[in-house]
2 protein chains.
Amino acid sequence: MKKTQQSHLRIIPLGGQEEVGLNMTLFEYERKILIVDMGFGFPGEDMPGIDCIIPNISYLKGKEKNILGVVLTHGHYDHIGAIPYIIPRIGPIPMYASRLTKGMILKRQEDFANQPKLNIEELKDGSNVRVGPFQIEFFRLNHNIPDNFGLFIKTPVGNIVHTSDFKFDESPVNDIPTDFGKLKRIGQRGILLLMSESTGAEEEGHSLSEETIFKNLDKIFEKVRGRIIAASFASMINRIQQLIILSEKYKRKVAIEGYSMKTNVEIAQNLKRIKVQKGTFIKTKDIGKFPDSKITVICTGAQGEGRAVFMRIANREHKFIHLKKGDTVIFSSSVVPGNERTVQVLKDEFHRQGAKVFHYRMMDIHASGHAKQEELKKMIRLMKPKFFLPVYGYYSMLVRHAELAEEEGIRRENILVAENGQVIKLTPKRISLEKEKVPSNYVMVDGLGIGDVGEVVLRDRQVLSQDGMFVIVTIVDRQTGKVRSSPDIISRGFVYLRESKELLKETRKQVIAIVNRAAGSGGAVNWSYVKDELRNKIGKFLFSKTKRRPMILPVVIEV
Amino acid sequence: MKKTQQSHLRIIPLGGQEEVGLNMTLFEYERKILIVDMGFGFPGEDMPGIDCIIPNISYLKGKEKNILGVVLTHGHYDHIGAIPYIIPRIGPIPMYASRLTKGMILKRQEDFANQPKLNIEELKDGSNVRVGPFQIEFFRLNHNIPDNFGLFIKTPVGNIVHTSDFKFDESPVNDIPTDFGKLKRIGQRGILLLMSESTGAEEEGHSLSEETIFKNLDKIFEKVRGRIIAASFASMINRIQQLIILSEKYKRKVAIEGYSMKTNVEIAQNLKRIKVQKGTFIKTKDIGKFPDSKITVICTGAQGEGRAVFMRIANREHKFIHLKKGDTVIFSSSVVPGNERTVQVLKDEFHRQGAKVFHYRMMDIHASGHAKQEELKKMIRLMKPKFFLPVYGYYSMLVRHAELAEEEGIRRENILVAENGQVIKLTPKRISLEKEKVPSNYVMVDGLGIGDVGEVVLRDRQVLSQDGMFVIVTIVDRQTGKVRSSPDIISRGFVYLRESKELLKETRKQVIAIVNRAAGSGGAVNWSYVKDELRNKIGKFLFSKTKRRPMILPVVIEV
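The model shown is predicted, which means the values in this text are computed figures rather than measured ones.

**A word on the relation of the copies chain A and chain B**
Related by rotation about an axis and a shift along that axis, the two copies of the chain form a pair. Mapping chain A onto chain B calls for a screw motion: a turn of 180 degrees about the axis and a shift of 0.1 Å along it, with 0.2 Å RMSD after fitting. The superposition of one copy onto the other is thereby described by a two-fold rotation axis.

This is the structure we're talking about:
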């Protein structure tokens, strides 16, 4: 009886179903839990001061000994970035990853103190591993980082394919072309459920091949006589490889700048996932020793990140790289939503300093690593799944992906769009949502605090950022009930104090009047009432004078 | 002699050369100054709490009586929005605008107290007005608001054409098609300088005709059986007109929601710049009285603005509009850079509530009001100017526009790319930059304050938003030099205080130790040294415990 009741699989996405990033999914069968990916997400604009967000793992509390392990699909931080925050809380578990992914995980651990030793089993294309009731097979899929693997998971209810992030590319650079024959054979094993990534589901057509990008970059390299300074993401190993190959073709030395990029290149080079000729790399401080036409700098900061190399160059703060006429600057990455304005400022600054600027909106020098509609449909045709679950994307992307699956002939009732924290029940005959929902609100990481910053702290930060704050310290004589001397006012982010002496004087006068009226009447004083009065009346007064609403914090001290 | 020295024109852009928005340009001849446009700009992400930015008018100080007047090209706020902030400071000056622009300016004045009465002369297509040494003629150009006019300015040094914002449209909706014959005739008068807008200079091809948009919207209207809720910009009068025409075609009643949109529609309707059949408009509270298939709501908030109608609908906070299955939501505007994430959240929420969502990336239901490369080149061919000055755009757009002009055969030395505050000298023979630069740093508007918020206040707001603040109030006994009772701590946006009792206890202990050590030694106490000590040591202590850096504000009071 017990067996029958439980003979279904529960799939619980803890993140990745309402955003791009934060990917982490649980597969639970008879209480045993397999985890796929453990990524972080970037904080929204409504989360000032937050370093990153991680999936909520409350559901795993008390179930630690049932966790079979975690499979990491590839080495991007939205798939591995939460490991140092989560593993210490659930204890050491078996981990499975490709060689490069493993290298990137282990390198990152060095940045965190007091981490348990990780036990990562290395898997490669075709590798098979049994984890409890699950049999997992890795199969290669193209992305913009090497060693990216889709998962074929044999479960007691049927076969599941999880695509990881992917694109189809018949002529990639630094990678093997997509093996459609292999994918077809996987599909022929009979797929009960396809879980396919959705980042590109709202974009028509097919993603660009890296070969196209390579050719366009080649045109720039061919023409340019001065230095080339190219920025990309530190994690786009394949793009970095392209820039290295082209530099070697045109006899340019290459300086890699930016800590994260240097680190990634080092790992990839050690693991033979990036190829560099002897003598190509030079130190940035030595770029002056070669003719301009023989120099390429590859660096971080194409998103306009505040402390990254690109921004330091633009602000003339970089120790070794000073822009000059004749330099060519290449933005070889798309702009992450929200960063457009900052990137524009950066571009303008490069123009002003006389550089020639190329960016991906001018020509195809960047390709997304994510399948667009034609590829997503092809994946569905290759896998021919009975059930379909779009994963990894904003809700609108999942909805569009579900529509694509319907266009490909999957029956509507066999397609599910699920949110973070929903529990998906899968049997050989049916896919459905349980009524149950597990906690999935974002856990915010801020400095050493994991999850301690909540709504209250965030709201305060937002209020403080709008109109600043205004602290009023009043000393009251316990004997007379009267204010002693002039109240102290500490204000920041509200008005420029030196030019607001009149306002402060008037405010002090009002503070004294309010406190004396309330406290000076004799008898016991209700101090919390006095503070409320100060907050309200001084708030209104300041608003009437400035139309600003600083956070008012009254302190009354009896001496 | 004096005459000869001054027989050149000075063109001084106070804004609009380093951004989209903030448009304001001075034309100065023999000390007489003509102004074109007086717009505001949106604050950057590095300007928390700021309402808007306006051009810096320091240069006009002391020259008030030399100002001849201001010409407003059209009614968008990036061209008229700074009027209520600037006019009171330079005194009443003659103003020139089209009927709709005038209506929008006057309506907006009602939102501001103590404004001088404006004296606006109404101009229309072909209108001529002499303003000091300048003869100005209005000529119609298409944009996404009616009554948009380019300027033909006859100056003592030669003829100047200023395009305002524009696009070429041979089949616009709610407007007259572009009159290329007329433009050609203007060009034949001999144009010394063309000043042409640059917003679309980095985009290939030709902007979409409003007819295309109209047809695509028609397809949606034709298919949909439920309610249609469409959002756009309040200022996109022509798009609003399209949605009204389509609603009337399909016998839908129209409710306009959102204060700014209601106001604009009212003005445009009164001035016959928008056509609405009798009985089309209904009040939003009455939408329940008609079948769903007969209802269109046109509203504000397609950018995800916090308090706009769209957001209130998404958050289920709107009094009359509650989303339900069968509703169709249309985003008929592009997403302003920086708003992508917010708009995504909005879209997802509509999806979750069961609505069908259409947005401009899915099909062409939005067209920019700005000319793209093919149109910009055509404008240059029509005007055949001797000199070319790209205006209105980010620096990278100006640079690209300059390249386009060169491709069209303008000689490189006859093209100038200028920044805000630079002084352009124009003679019949030469265009050049003066060494002089006039103040052009942004003036920030925050509540009633114009320009009082500066770097210090902004930086404080940014710091406060990151890790909050931490006020320490310590009372010291003047007699003993010792801390009296436990220090008060007021902290916001740093940690959740209730869960940080240990941290606070430990902090108080350290505060007492620091103050007692410094103050208790007898003799005169250097309180500013004590405060520095508190700031540094407590700052370090809190960072060691949390890796956060709240703003530390020590208050020491002797009693």
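Once the structure has been displayed, the description carries forward.
**What to know about the environment of Gly49 of chain A**
Assignment of secondary structure puts Gly49 of chain A in the loop between β3 (32-36) and β4 (52-54). The sequence separation of Gly49 of chain A and Ser127 of chain A amounts to 78 residues, and the corresponding C-alpha distance is 42 Å. The contacts of Gly49 of chain A, once residues within four sequence positions are left out, are Asp446 and Arg461 of chain A together with Ser465, Gln466 and Asp467 of chain B.

**Some details on the domain arrangement of chain A**
Residue and element names in this part refer to chain A. Considered domain by domain, chain A is made up of domain 1 (9-205 + 368-450), domain 2 (210-358) and domain 3 (468-558). Look at where the C-alpha atoms of domain 1 and domain 2 centre, and you get two points 31 Å apart. Domain 1 puts 20 residues into the contact, and the matching count from domain 2 is 19 residues. Both sides of the domain 1 and domain 2 interface together cover about 1700 Å² of buried area, and 57% of this is carbon and sulfur. Per-residue buried area on domain 1 facing domain 2 is highest for Asn144, Val173 and Asn174; these three make up 34% of the total on that side. Linking domain 1 to domain 2 there are 2 salt bridges.

**Structural notes on helix α12 (residues 395-407) of chain B**
A rise of 1.5 Å per residue sets the reference length of α12 of chain B, with its 13 residues, at 18 Å; its end C-alpha atoms lie 19 Å apart and thus fit the reference within 8%. Every buried residue belonging to α12 of chain B is among Tyr395, Ser396, Met397, Leu398, Val399, Arg400, His401, Ala402, Leu404 and Ala405 of chain B, and all of these are buried. Of the surrounding secondary structure, the elements contacted by the buried residues of α12 of chain B are α10 (340-352) of chain A together with β12 (193-197), α11 (373-383) and β18 (387-391) of chain B. Where α12 of chain B terminates, the next one or two residues include Gly409 of chain B, which has phi positive at roughly 100 degrees.

**A closer look at unusual backbone geometry**
The backbone of Lys272 of chain A sits at a positive phi, close to 60 degrees, despite the residue not being glycine. When you line up the elements, Lys272 of chain A lands in the loop between α8 (259-270) and β15 (295-299). By relative accessible area, Lys272 of chain A is classed as exposed at 69%. Of note in this structure, Ser164 of chain B is not a glycine but carries a positive phi near 55 degrees. Following the sequence through the fold, Ser164 of chain B ends up in the loop between β11 (158-162) and α5 (180-188).

**Considerations on the sheet that holds strand β1 (residues 9-15) of chain B**
Neighbouring strands of a sheet are bound in pairs by backbone hydrogen bonds; such pairs are parallel or else antiparallel. Residue and element names in this part refer to chain B. Taken in spatial order, the 8 strands make up an open sheet running β7-β6-β5-β3-β2-β1-β19-β20, and their pairing is mixed. With partners counted over all chains shown, the strands left at the sheet margins are β7 (120-122) and β20 (431-437), one partner each. Direction aside, the axes of adjacent strands within the sheet are offset by 25 degrees on average. Two strands pair when backbone bridges link them, and β1 and strand β19 (residues 422-426) are joined in this way by 3 bridges, in the antiparallel orientation. Bridge assignment links Leu9 to a residue of β19, and that residue is Leu426.

**Structural notes on the pattern of salt bridges**
Scanning the model with the defined rule gives 80 salt bridges over all chains in all. Measuring nitrogen to oxygen at the nearest pair gives 4.0 Å for the salt bridge that ties Asp467 of chain B to Arg461 of chain A. With Asp467 of chain B in helix α13 (residues 455-467) and Arg461 of chain A in helix α13 (residues 455-467), this pair bridges two chains. Pair check on accessibility: Asp467 of chain B and Arg461 of chain A agree, each one buried. Residues Lys167 of chain B and Glu210 of chain B are paired through a salt bridge, measuring 3.4 Å at the closest nitrogen-oxygen approach. Of this pair, Lys167 of chain B sits in the loop between β11 and α5 while Glu210 of chain B is found in helix α6 (residues 210-223), placing the two residues 43 residues apart along the sequence.

**Considerations on the packing of aromatic side chains**
Scanning the model with the defined rule gives 22 aromatic pairs over all chains in all. Between the aromatic rings of Phe470 of chain A and Phe494 of chain A, the centroid separation amounts to 5.7 Å while the plane-to-plane angle is 90 degrees, which identifies the pairing as edge-to-face. Taken together, the residues Phe470 of chain A in strand β23 (residues 469-476) and Phe494 of chain A in the loop between β24 (488-492) and α14 (501-519) connect sequence positions 24 residues apart. Arranged with centres 5.2 Å apart and planes meeting at 35 degrees, the rings of Phe138 of chain B and Phe149 of chain B form a pair that is tilted. On the criterion of sequence distance, the pair formed by Phe138 of chain B in strand β9 (residues 134-140) and Phe149 of chain B in strand β10 (residues 149-155) is long-range, its members being 11 residues apart. Since its relative accessible area comes to 0%, Phe138 of chain B is described here as buried. Look at Phe149 of chain B and you get buried, because its relative accessible area is 2%.

**Thoughts on helix α6 (residues 210-223) of chain A**
Residues lying three or four places apart along an α-helix face the same way, a consequence of the helix completing one turn every 3.6 residues. Residues and elements named next belong to chain A. A rise of 1.5 Å per residue sets the reference length of α6, with its 14 residues, at 20 Å; its end C-alpha atoms lie 20 Å apart and thus fit the reference within 8%. In the core, the buried residues of α6 are packed alongside β13 (228-231), α7 (237-249), β15, β16 (328-331) and β17 (356-359). Capping the start of α6, Ser209 holds a side-chain oxygen 3.0 Å from the backbone nitrogen of Glu211, two or three residues further along.

**So, the packing of α5 of chain B against α11 of chain B**
All names here are of chain B. Interhelical geometry of α5 versus α11 gives an angle of 50 degrees and a closest axis separation of 7 Å. Taken together, the axes of α5 and α11 lie oblique to each other. Only Lys378, Leu382 and Met383 of α11 make contact with α5, whose side of the interface consists of Phe180, Leu183, Lys184, Ile186 and Gly187. Of the residues assigned to the contact of α5 with α11, the class counts are 5 nonpolar, 1 polar and 2 charged.

Conventions we followed
Residues numbered from 1 in each chain as written. Chains lettered and ligands numbered in written order. Predicted model: local features only at pLDDT ≥ 70, side-chain atom pairs only at ≥ 80, totals over all residues. Heavy atoms only, no water. Least-squares fit on C-alpha atoms with pLDDT ≥ 70 in both. Helix = DSSP H or I, 4+ residues; strand = E, 2+ residues; numbered from the N terminus. Contact = heavy atoms within 4.5 Å. Domains from an automatic or database assignment. Buried area = accessible area lost by both parts, 1.4 Å probe. Salt bridge = Lys/Arg side-chain N within 4 Å of Asp/Glu carboxyl O. Expected span 1.5 Å × (residues − 1). Buried < 20%, exposed > 50% of the residue type's maximum accessible area, 1.4 Å probe, protein only. Pairing = 2+ DSSP bridges. Axes fitted to C-alpha atoms, helices over the stretch in contact; angles between N-to-C directions. Phe/Tyr/Trp six-rings, centres within 6.5 Å; stacked < 30°, edge-to-face > 60°. Polar contact = N/O pair within 3.5 Å; in protein donor to acceptor, adjacent residues only side chain to side chain. Parallel < 35°, antiparallel > 145°, perpendicular 65-115°, else oblique. Nonpolar A, V, L, I, M, F, W, Y, C, P; charged D, E, K, R; others polar.

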